[in-house]
Amino acid sequence: MDKAKPFDIPKREVWEAFKKVKANQGAAGVDGQSVSDFEADLSNNLYKLWNRMSSGSYFPPPVRRVDIPKDDGRTRPLGIPTVGDRIAQEVVKRYLEPRLEPIFHADSYGYRPGRSAIEALRKARQRCWRYDWVLDIDVKSYFDSIDWALLLKAVRKHTDCPWVLLYIERWLKAPVQMEDGSIVPRAAGTPQGGVVSPILANLFLHYAFDLWMGRNFCDIPFERYADDVICHCRSAEGARALWSALEARFTACRLVLHPQKTKLVYCKDTNRRGDFPDHSFDFLGYSFRPRKASWRGSQYGVSFLPAASPKALKGIRQTIRRWAFHHRPDKTLADLARMYNPHIQGWINYYSHFYRSALSWTMRRIDAFLIRWARNKYKRLRPRPKGARDWLARVVRADPNLFAHWRFLHVNSRTSGAV
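Residues numbered from 1 in each chain as written. Predicted model: local features only at pLDDT ≥ 70, side-chain atom pairs only at ≥ 80, totals over all residues. Heavy atoms only, no water.

Glancing now at the overall build of the protein chain. Across its full length, the protein chain holds 15 helices and eleven strands. Counting every position in the protein chain, which comprises 419 residues, the buried fraction comes to 48%. Taking the intrachain contacts of the protein chain between residues at least 6 apart in sequence as the baseline, contacts between residues at least 24 apart amount to 69%. For the protein chain, the accessible area works out to roughly 20700 Å², and carbon and sulfur atoms hold 50% of it. The protein chain carries 71 positive and 42 negative side-chain charges, and their two centres are separated by 7 Å. (Helix = DSSP H or I, 4+ residues; strand = E, 2+ residues; numbered from the N terminus. Buried < 20%, exposed > 50% of the residue type's maximum accessible area, 1.4 Å probe, protein only. Contact = heavy atoms within 4.5 Å. Areas by Shrake-Rupley, 256 points an atom, 1.4 Å probe, with all protein chains shown as cover. Lys, Arg positive; Asp, Glu negative; His and termini not counted. Charge placed at Lys NZ, Arg CZ, Asp CG, Glu CD.)

Once that is clear, we can look at the pattern of salt bridges. Oppositely charged side chains can form a pair if their charged atoms are brought close together. Enumeration over the complete set of coordinates arrives at 15 salt bridges. For Glu16, the salt bridge goes to Lys19, with nearest N and O atoms at 3.4 Å. You can see Glu16 and its partner Lys19 sitting in helix H1 (residues 11-24), three residues apart, about one turn around the helix. Salt bridges here are not isolated pairs; linked through shared partners, they connect Arg12, Glu16 and Lys19. (Salt bridge = Lys/Arg side-chain N within 4 Å of Asp/Glu carboxyl O.)

Attention shifts here to the packing of aromatic side chains. Given two aromatic rings, one states the distance between the centres and the angle between the planes to describe the pair. Counting across every chain of the model gives 28 aromatic pairs. Centre to centre, the rings of Trp212 and Phe217 are 5.5 Å apart; their planes meet at 50°, and the pair counts as tilted. Considered together, Trp212 and Phe217 belong to a single accessibility category, that of buried residues. Here the aromatic rings of Trp373 and Tyr378 are separated by 6.1 Å at their centres, their planes lie at 85°, and the arrangement is edge-to-face. Classification of Tyr378 by relative accessible area gives partly exposed; the value is 25%. An aromatic cluster of at least three residues, connected via ring pairs, comprises Tyr286, Tyr350, Tyr351 and Phe354. One residue, Arg99, lies across the ring of Tyr95, its end atom 3.7 Å from the ring centre. A cation over an aromatic ring shows up here: Arg115 above the ring of Tyr109, its NZ or CZ 5.3 Å from the ring centre. (Phe/Tyr/Trp six-rings, centres within 6.5 Å; stacked < 30°, edge-to-face > 60°. Lys NZ or Arg CZ within 6 Å of the ring centre and 35° of its normal.)

This brings us to the nonpolar core. Among the nonpolar cores identified, the biggest contains 71 residues, and Ile87, Trp163, Phe209, Cys231 and Leu242 are the most heavily contacted of them. The leading source of residues in this core is helix H9 (residues 197-216), at ten residues. Excluding residues that lie within four positions of it along the chain, Trp163 makes contacts with Phe7, Asp8, Ile9, Val91, Val92 and Tyr95. With 54 residues, the next largest nonpolar core counts Trp323, Leu359, Trp373 and Trp406 among its residues. (Core = buried A, V, L, I, M, F, W, Y, C linked by side-chain atoms within 4.5 Å.)

When the terminal C-alpha atoms of helix H14 (residues 385-398) are compared, their 20 Å separation across 14 residues agrees well with the 20 Å that a helix rising 1.5 Å per residue should span. Among the residues of H14, Gly387, Ala388, Trp391, Leu392, Val395 and Val396 are the ones counted as buried. (Expected span 1.5 Å × (residues − 1).)

For the protein chain, the average pLDDT comes to 93, and 96% of its residues sit at 70 or higher. Note on residues 414-419: pLDDT under 50 across the span, and 17 contacts to partners over four residues away in sequence or across chains. (pLDDT = per-residue confidence, 0-100.)

So, in structure tokens, the structure goes:
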């Protein structure tokens, strides 16, 4: 029988946290231990973790830093905790979430149960039709800039649970292990990649932005997905006044608006005849800009609509190129479909909600690589590019469900306008 512990953390919570971490999988942390490695001695590992958390002797190991390349040549730092640390963070997240969810803003969509990026995009599309101007807000290095004292003050507004406060503070102060093995201390921020980081980041902006907007600019609606924020304004003057006030507000909260990426956008369409340098913005992988669209009565006009962004489509094409179908003649067509359909279906599920035709050309790039694969696999098709195209067309007709994008392109061929 266990002796009384200073902190009453139910063992069941640690078990439920493990199940969530296992479902999410993820890379190993600084100890090199995978989820399956942890599971090999599951009972003992979970007991040790519970025992240390309950006694107050749990100290998180350093977070493994991985730099993810960005399209602009820079990198985004990602912090990968160990499997055990992810479980510990999930225990705290499970405690915080039911206490914080009811107070979060209705237009905050990121990392919240039952909410999605598509909901945020749909709401943004509707508001762009009703408001002429958008202030596209970019917070510079948000996750790395969060002030610890202000964040802990916000957490204390919602709980006085000593072990929750203790471990959040320890996670905030946990050092980073760089790719060369060096250990670097941290003075601000909460690492992207941590299990508890998203809810803490949401809580910080709930006070720094959401509630502040309600007090000072209640007539300006917004959509916020973590630190991606779109504000809808009726006039350019109103948008500039918000921009100026936000700079002061964020400075007080130890945050900085990105001077190049924060911008004022005119939501131009057929009925909005004024002009302005910026007519587009990107939000959650979609580009909002003026686009041709079918209106009622078989008429066509220009509407301000979202579609998969050029940056997102370029990333998809780069991934397809890396698959290098044409170097896999050892595989059957069914093998390739099994290997890559989850990726293809994921793209279609996310990027086909609005203005589907923007995705179609990129999906057809898959077929271009399948034709190259066929010419390498079948000798009779090598000297005949048209023959390979005809061969693929026959396969599509015979089995249109084999590849996920065939259903998207050929079976469900509704490819114009916004959905």
